[in-house]
2 protein chains.
Amino acid sequence: MSGGHRTIGIDLGGTKVLAVLVEDGQIIAREKRATPRTGTPENVLDTLVTAVQRIDPDGSVERIGIGVPGPVVPGTGVLPAAPNLPNWDHDVPVAQLMSERLDGRNVVVGNDVNLGTLAEHRLGAGRGVDDLLGVFVGTGVGAGLVLDGRLRQGHRGLAGEIGHTFVAFADFVHGGGSGRGELEDYAGRAALERRVLTANPDRAETLLGFRRGGRLKSKGWVDALEREDPLARDLVDQAASALAASIASAVALLDLELVVLGGGFAGRLGEPFRRQVEGEVHKRAFAGASAAVVHAQLGDVAGALGAALMVDEP
Amino acid sequence: MSGGHRTIGIDLGGTKVLAVLVEDGQIIAREKRATPRTGTPENVLDTLVTAVQRIDPDGSVERIGIGVPGPVVPGTGVLPAAPNLPNWDHDVPVAQLMSERLDGRNVVVGNDVNLGTLAEHRLGAGRGVDDLLGVFVGTGVGAGLVLDGRLRQGHRGLAGEIGHTFVAFADFVHGGGSGRGELEDYAGRAALERRVLTANPDRAETLLGFRRGGRLKSKGWVDALEREDPLARDLVDQAASALAASIASAVALLDLELVVLGGGFAGRLGEPFRRQVEGEVHKRAFAGASAAVVHAQLGDVAGALGAALMVDEP
């Protein structure tokens, strides 16, 4: 006999697959597997199926949600070309293929960042709030929106693309990134690393020294800030300012109550970074109508949890 | 006997009050009156009552919507301090006071720009579209949002404040306006006039010569553009670019299908300005997912029509 209402949620990421079995909002089992780095979408789907079988060996859970690293047109379950997945260079009908492999069980597919926001709204930092923005700062910057208590996906599944909102227009744009003045030109680990590589080598010396395996990871930024490295300070200040501008724009446009700040890079920079972003959001607020900026609470598991919650959404 | 479903909509503007009697989506009577420039909020309410009595002499219309030039917390009917209305320096419970003056009839109050967007969605350029942004460029820049077919007002009634979204952050900001890099520092008749007044007087000569009564009106800009005045060209280009950046940000964040461009200034600049804005919105679109930018269709009557429609909203 089933001990309550159970769903499975899977977060399909570029490096790992995380599956959770959720009963009444609690994770009662989890399974982590490496995402195939080579091969085809078929190999990735095999990994997802294995994760489901491990977490629910008798196949008793009827509904499965999957969060994927790309936009999904609501209702289709199709993930288009995804640069982080092996040879995923065409539309793959994930929901349909997974359902076929799982004895016709119900499979729903959504965007991972949107689903992470949904999880924070239902079970994390956004509980009890009707209107919120979840902003996740990692390699890039993604976001999700809950409006009037419901996840907004958009008719093309593209809602929440805050990394592609503009914080500098026309003649204000300068070096780095796409050069179009998008938030992702100034914030996110990839943008910051690009800016270090194009900076004056003398100024960049400390940060370049913190690279590990040729990559400047979040910890390198924290270490450089601790040593009061001027370039690290400038670039992180600029990232916080750009983030705050995009967030304040979203607050002004949508009259949001709360911003949940998550993602690996923001998490690593921690409370000082959150305070910096929130301070500038408040300063930029129209008519004093600001939104609090709080840390995400669910960490790495948000995407999988959100996928498990999605299958119950109307 | 009543000939169908009738509501009254009133647009309370800084210079005029426009009331319409609407039956089944058609305006069957209208009444225009000057907004009192002096006196108190009571005098303004008197004008609204007179407009209702003129348009519906026998008092048979049970429900009345009013659009007001400021944010209204949904459900309250209260208009806070409004700089465009005489001595309107405190919260005025417009819905309650008007209902008392109108024999207890039902009065609903909303923001004028939001209601203009609602009207364009139901009866104008946005018919049949689920997700749209209405942008109105006049003295300032305001907007309204329809998401999933419903007007978004926001819990503080502040949704749609696109004029206070940011198109330049931190070190990119330069002269003019609030100096915070808001859209309204670069777009809207007031911002453009400010920029003319702070420009090099030699460059500003043509535009300054087009002032009438000390004010640079929309027609002055059109005339200056026709003469290929370089400052007019630069400032209008910058306004279009800033508008496009804010619009493209909204499209990326919300996955919008359509943008309806209205307001006196945008209307006067006409098709070339619309094309300019749309072109840059398309150029800035993420993943090719853009939104068409179309002219508003309802002109001056949009706010009053939207107010008449609002009373039927769930």
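All residue numbers here refer to positions counted from 1 along the written sequence of the relevant chain. The naming scheme follows written order: chains are lettered A onward, ligands numbered 1 onward. Under the rules for a predicted model, residues below a pLDDT of 70 receive no local features and side-chain atom pairs below 80 are neither given nor counted, while totals for whole chains, interfaces and linings still include all residues. Excluding hydrogens and water, the side-chain figures rest on all heavy atoms present in the structure.

S.K.: Can you tell me about the sheet that holds strand S10 (residues 150–152) of chain A, naming the residues and giving the values?
M.R.: Residues and elements named next belong to chain A. Pairs of strands are assigned from DSSP output, requiring at least two bridges between the strands. Per the convention used, a helix needs a DSSP run of H or I reaching at least four residues, while a strand needs a run of E reaching at least two, with both numbered from the N terminus. Across the sheet, which stays open at both edges, the 5 strands sit in the order S10-S9-S8-S11-S12 with mixed pairing between neighbours. One side of each edge strand has no neighbouring strand; the edge strands of this open sheet are S10 and strand S12 (292–295). Across the sheet, the axes of successive neighbouring strands diverge by a mean angle of 25°, strand direction being ignored. Pairing of strand S11 (residues 258–262) with S12, which is carried by 4 bridges, proceeds in the parallel orientation. Residue pairing in the sheet places Leu258 in a bridge with Ala292 of S12. Here, two residues are considered to be in contact whenever any of their heavy atoms come within 4.5 Å of each other. Angles run from 0 to 180 degrees between N-to-C directions of axes, and those axes are lines fitted to C-alpha atoms, restricted for helices to the stretch in contact. With respect to the sheet, helix H3 (residues 112–123) is in contact with strand S8 (132–137), strand S9 (141–147), S10 and S11, its orientation differing from that of S9 by roughly 50°.

S.K.: Tell me what's going on with the interface of chain B and chain A, and back it up with residues and numbers.
M.R.: Taken together, the contact pairs 49 residues of chain B with 49 residues of chain A. Roughly 4200 Å² is buried in total at the junction of chain B and chain A, and carbon and sulfur atoms are behind 56% of that figure. For this document, the term salt bridge refers to a Lys or Arg side-chain nitrogen within 4 Å of an Asp or Glu carboxyl oxygen. Applying the counting criterion to the chain B and chain A interface returns 6 salt bridges. We note a salt bridge from Arg152(B) to Asp131(A), for which the minimum N-O separation is 3.0 Å. In the analysis that follows, any N or O atom pair within 3.5 Å is treated as a polar contact, provided that within protein one partner can donate a hydrogen and the other can accept it, and provided that, for residues neighboring in sequence, both atoms belong to side chains. The interface formed by chain B and chain A contains 22 residue pairs in polar contact (both at pLDDT 80 or more). Elements with a contribution of two residues or more to the side of chain B that touches chain A: strand S9 (141–147), strand S10 (150–152), helix H7 (230–254) and helix H8 (264–284) of chain B. Side-chain classes are defined by residue name, with Ala, Val, Leu, Ile, Met, Phe, Trp, Tyr, Cys and Pro counting as nonpolar, Asp, Glu, Lys and Arg as charged, and the others, Gly among them, as polar. When the residues that make up the side of chain B that touches chain A are grouped by side-chain class, the tally is 25 nonpolar, 12 polar and 12 charged. Accessible area that two parts lose when put together, evaluated with a 1.4 Å probe and summed over both, is termed the buried area.

S.K.: Give a description of helix H9 (residues 302–310) of chain A that names residues and reports values.
M.R.: Residue and element names in this part refer to chain A. For every residue, the accessible area obtained with a 1.4 Å probe (protein chains only) is divided by the maximum for its type, and the residue is called buried under 20%, exposed over 50%, and partly exposed between those limits. Where burial is concerned, most of H9 is hidden: 9 out of the 9 residues are buried. Buried within H9 we find Ala302, Gly303, Ala304, Leu305, Gly306, Ala307, Ala308, Leu309 and Met310. Buried residues along H9 sit against strand S1 (6–12), strand S2 (16–23), strand S3 (26–34), strand S4 (63–68), strand S7 (106–111) and H3.

S.K.: Before we move on, could you go through the relation of the copies chain B and chain A and cite the residues and values that matter?
M.R.: Copies overlap after least-squares fitting; the atoms used are the C-alpha atoms of residues with pLDDT of at least 70 in both. Relative to chain A, chain B is turned by 180° and slid 0.0 Å along the rotation axis, the superposed coordinates differing by an RMSD of 0.0 Å. In symmetry terms, the pair is related by a two-fold rotation axis. Among all residues of chain B, the minimum C-alpha distance to the rotation axis is found for Ala168(B), at 2.1 Å. A shared interface surface links the copies, since 100% of the contact residues of chain B are contact residues in chain A too.

S.K.: Could you give me a rundown of the domain arrangement of chain A, with the residues and numbers involved?
M.R.: Interface extent is often summarised as the accessible area lost during association of the parts. Residues and elements named next belong to chain A. Domain segmentation is taken from an automatic or database assignment of domains. Domain boundaries in chain A define domain 1 (6–117 + 301–310) and domain 2 (127–297). Across the contact, 9 residues belong to domain 1 and 17 residues belong to domain 2. Summed over both partners, the interface of domain 1 with domain 2 comes to about 940 Å²; 63% of that surface belongs to carbon and sulfur atoms. Looking at the side of domain 1 facing domain 2, the largest losses of area belong to Pro74, Asn114 and Thr117, adding up to 54% of the total buried there. Run the count over domain 1 and domain 2 and you get 0 salt bridges. Our enumeration of links across domain 1 and domain 2 arrives at 1 residue pair in polar contact (both at pLDDT 80 or more). A breakdown of the residues in the side of domain 1 that touches domain 2 according to their chemical character gives 6 nonpolar, 3 polar and no charged.

S.K.: Describe the pattern of salt bridges, with residues and values.
M.R.: Tallied over the full model, the rule gives 40 salt bridges over all chains. The shortest N-O distance in the salt bridge between Glu31(A) and Arg33(A) comes to 2.9 Å. Residue classification places Glu31(A) among the buried positions, given a relative accessible area of 15%. Arg284(B) serves as the salt-bridge partner of Glu280(B), at 3.0 Å between the closest nitrogen and oxygen. Here Glu280(B) and its partner Arg284(B) are both found in helix H8, 4 residues apart, which amounts to about one turn of the helix.

S.K.: Provide a residue-level description of the packing of helix H4 (residues 189–197) of chain B against H7(B), including the pertinent values.
M.R.: Helix-helix packing is characterised by the crossing angle of the two axes and by the distance between the axes. Residue and element names in this part refer to chain B. Following both chains from N to C, one finds H4 and H7 inclined at 140°, their axes separated by 11 Å at the closest point. Judged by the sense of rotation from one axis to the other, the crossing of H4 with H7 is right-handed. Every residue of H7 that contacts H4 at Leu192, Arg195 and Val196 is listed here: Leu235, Gln238 and Ala239. Residues that form the contact of H4 with H7 fall into these classes: 4 nonpolar, 1 polar and 1 charged. For any pair of crossing helices, the crossing counts as left-handed if the nearer helix is rotated counterclockwise from the farther one by less than a right angle, and right-handed if it is rotated clockwise.

S.K.: Can you explain the packing of aromatic side chains? Please cite residues and give values.
M.R.: Only Phe, Tyr and Trp rings are paired, with Trp represented by its six-membered ring, and only when their centres lie within 6.5 Å; those with planes under 30 degrees apart are stacked, over 60 edge-to-face, the remainder tilted. Scanning the model with the defined rule gives 2 aromatic pairs over all chains in all. Taking 6.4 Å as the distance between ring centres and 90° as the angle between the ring planes, the aromatic pair formed by Trp221(A) and Phe265(A) counts as edge-to-face. One end of the pair, Trp221(A), is in helix H6 (residues 218–226); the other, Phe265(A), is in helix H8 (residues 264–284), and 44 residues separate them in sequence. No difference in accessibility class separates Trp221(A) from Phe265(A), as the two residues are buried. The ring of Phe166(B) has Arg284(A) lying over it, and the distance from NZ or CZ to the ring centre is 4.4 Å. To sit over a ring, a charge needs its Lys NZ or Arg CZ within 6 Å of the ring centre and within 35 degrees of the ring normal.

S.K.: Pulling in residues and values, what's your account of the packing of H7(B) against H8(B)?
M.R.: All names here are of chain B. Between H7 and H8, whose axes approach to 8 Å, the crossing angle comes to 50°. The orientation of H7 relative to H8 falls into the category oblique. Read as a crossing pair, H7 and H8 show a hand that is right-handed. Each of Arg233, Val236, Asp237, Ala240, Ser241, Leu243, Ala244, Ala245, Ile247 and Ala248 in H7 lies in contact with H8, whose residues at this interface are Leu269, Phe273, Gln276, Val277, Glu280, Val281 and Arg284. When grouped by side-chain class, the residues that make up the contact of H7 with H8 number 11 nonpolar, 2 polar and 4 charged. Just so you know how the angles are binned, under 35 degrees is roughly parallel, over 145 roughly antiparallel, 65 to 115 roughly perpendicular, and the rest oblique.

S.K.: Please set out the sheet that holds strand S11 (residues 258–262) of chain B residue by residue, giving values where relevant.
M.R.: Residue and element names in this part refer to chain B. If you trace the 5 strands from one edge of the open sheet to the other, you get S10-S9-S8-S11-S12, paired in mixed fashion. The strands lining the two open edges of the sheet, one partner per strand, are S10 and strand S12 (292–295). Adjacent strand axes in the sheet meet at a mean angle of 25° when their direction is disregarded. Here H7 sits on the sheet in contact with strand S8 (132–137), S9 and S11, set at roughly 165° to S8. Strands in contact with H8 are S8, S11 and S12; relative to S12, the strand with the most contacts, it is inclined by about 170°.

S.K.: I'd like a rundown of the nonpolar core, residues and numbers included.
M.R.: Among the buried residues, those of types Ala, Val, Leu, Ile, Met, Phe, Trp, Tyr and Cys that are joined through side-chain atoms within 4.5 Å form a nonpolar core. Counting 103 residues, the largest nonpolar core has Leu133(A), Trp221(A), Leu133(B) and Trp221(B) as the members making the most contacts within it. In this structure Trp221(B) touches Arg189(B), Leu192(B), Glu193(B), Val196(B), Leu207(B), Leu216(B), Ala232(B), Leu235(B), Val236(B), Phe265(B) and Leu269(B), once residues within four positions along its chain are discounted.

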